[in-house]
Amino acid sequence: MVKRILLKLSGEALMGEDAFGINPDIIQRLAADIAQIQRSGIQLGLVIGGGNIFRGAGLAGGGFDRVTGDQIGMLATVMNALAMQDHLRRQGISSRLLSAVAINGIGEPYQRDRALQHLSAGHVMLFAAGTGNPLFTTDTAASLRAIEIGADLMIKATRVNGVYSADPLQNPDATFYPQLSYQQVLDDRLAVMDATAVILCAEHQMPLRVLNIHTPEALHRAIQGEPVGTLVTT
């Protein structure tokens, strides 16, 4: 059983069936799941995307400056992290928000040593604002944080059951992959994470499990080592 994990939640996972924003029932359930994991003695870091609120790449396609769009997207991830922190507090779980972009009064500036201290003290770590740099996705931020904190496993929680040859929501005939190598992901250009995130995980031998966060008990089963979703390894 793993002792320390990095959980990457897509911003879209917080929407539920809503068109945008944060669904109160969804975030409450996710916070309860995270609380259960924390109480089991597992150290947990969390990166949440911002796509439910804002996508910098999307605005760039509409004529916005890409750097400005990405900076706004970083703030969206801070909003999601704050929302999760509030719901974890309601579950009786202590957490710390570390932001890659300094935001006084909301979170602490990200420092690796500080993150490790908080993890060892039993706090859930909420890593916000991506890497702090434009042009990098929150998948890359999650891979980076997983490596920095020495996670045993990175879990990417999405709205599909794992990795497919194509988007299963658009192509019902897409092939499901129970296990892959990072090289296969790169060679076949599978939509697991962006290439930078994949290469980081491959170079540092960080195992990744991709699963559907809305499948009951999927997260807990994955942590117990059960073959849930898709496992990606070197």
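Numbering of residues starts from 1 in each chain and follows the order in which that chain's sequence is written. Selection of residues for local features in this predicted model requires a pLDDT of at least 70, selection of side-chain atom pairs for listing and counting requires 80 or more, and totals for whole chains, interfaces and linings are taken over all residues. No hydrogens and no water enter the side-chain calculation; it runs on all heavy atoms of the structure.

### Side note on the pairing of strand E11 (residues 230–233)
Part 1: Two strands make a pair as long as DSSP finds a minimum of two bridges between them. Secondary structure is summarised from DSSP: a helix means a run of H or I of at least four residues, a strand means a run of E of at least two, and numbering begins at the N terminus for each. Taken together, the 3 bridges between strand E9 (residues 179–181) and E11 define a ladder with parallel strand orientation. Residue pairing in the sheet places Leu180 in a bridge with Val232 of E11.
Part 2: In the sheet, strand E10 (residues 208–212) pairs with E11 via 3 bridges, with the strands oriented antiparallel. Bridging across to E11, Arg209 finds its partner in Leu231.

### A few points about the sheet that holds strand E4 (residues 108–109)
Part 1: Spatially, 9 strands are ordered E4-E3-E5-E2-E1-E6-E10-E11-E9 in an open sheet, and the strand pairing comes out mixed. Of all the strands in the sheet, just E4 and E9 have a single pairing partner and so form its edges.
Part 2: Packed onto the sheet, helix H1 (residues 24–39) meets strand E1 (4–9), strand E2 (43–48) and strand E5 (124–128) and runs at close to 155° relative to E2. Any two residues whose heavy atoms approach within 4.5 Å are treated as being in contact. Axes here mean lines fitted to C-alpha atoms, for a helix over just the part in contact, with angles spanning 0 to 180 degrees between N-to-C directions.

### Looking at the nonpolar core
Within soluble globular proteins, side chains that are nonpolar generally end up buried alongside one another.
Part 1: Only buried residues count toward a nonpolar core, which is a set of Ala, Val, Leu, Ile, Met, Phe, Trp, Tyr and Cys residues joined through side-chain atoms within 4.5 Å. The buried label applies to any residue whose accessible area, calculated with a 1.4 Å probe on protein chains only, is under 20% of its type's maximum; exposed applies above 50%, and partly exposed to all values in between. Leu7, Leu9, Met84 and Ile155 are the most contacted members of the largest nonpolar core, which totals 40 residues.
Part 2: At the level of elements, E1, H1, E2, helix H3 (66–90), E5, strand E6 (153–158) and helix H8 (218–223) are the ones that each hand at least two residues to this core.
Part 3: Here this core gets 7 residues from one element, more than from any other, and that element is H1.
Part 4: Discounting chain neighbours no more than four positions away, the residues touching Met84 are Leu9, Ile27, Leu30, Ala31, Ile34, Leu46, Ile48 and Leu126.

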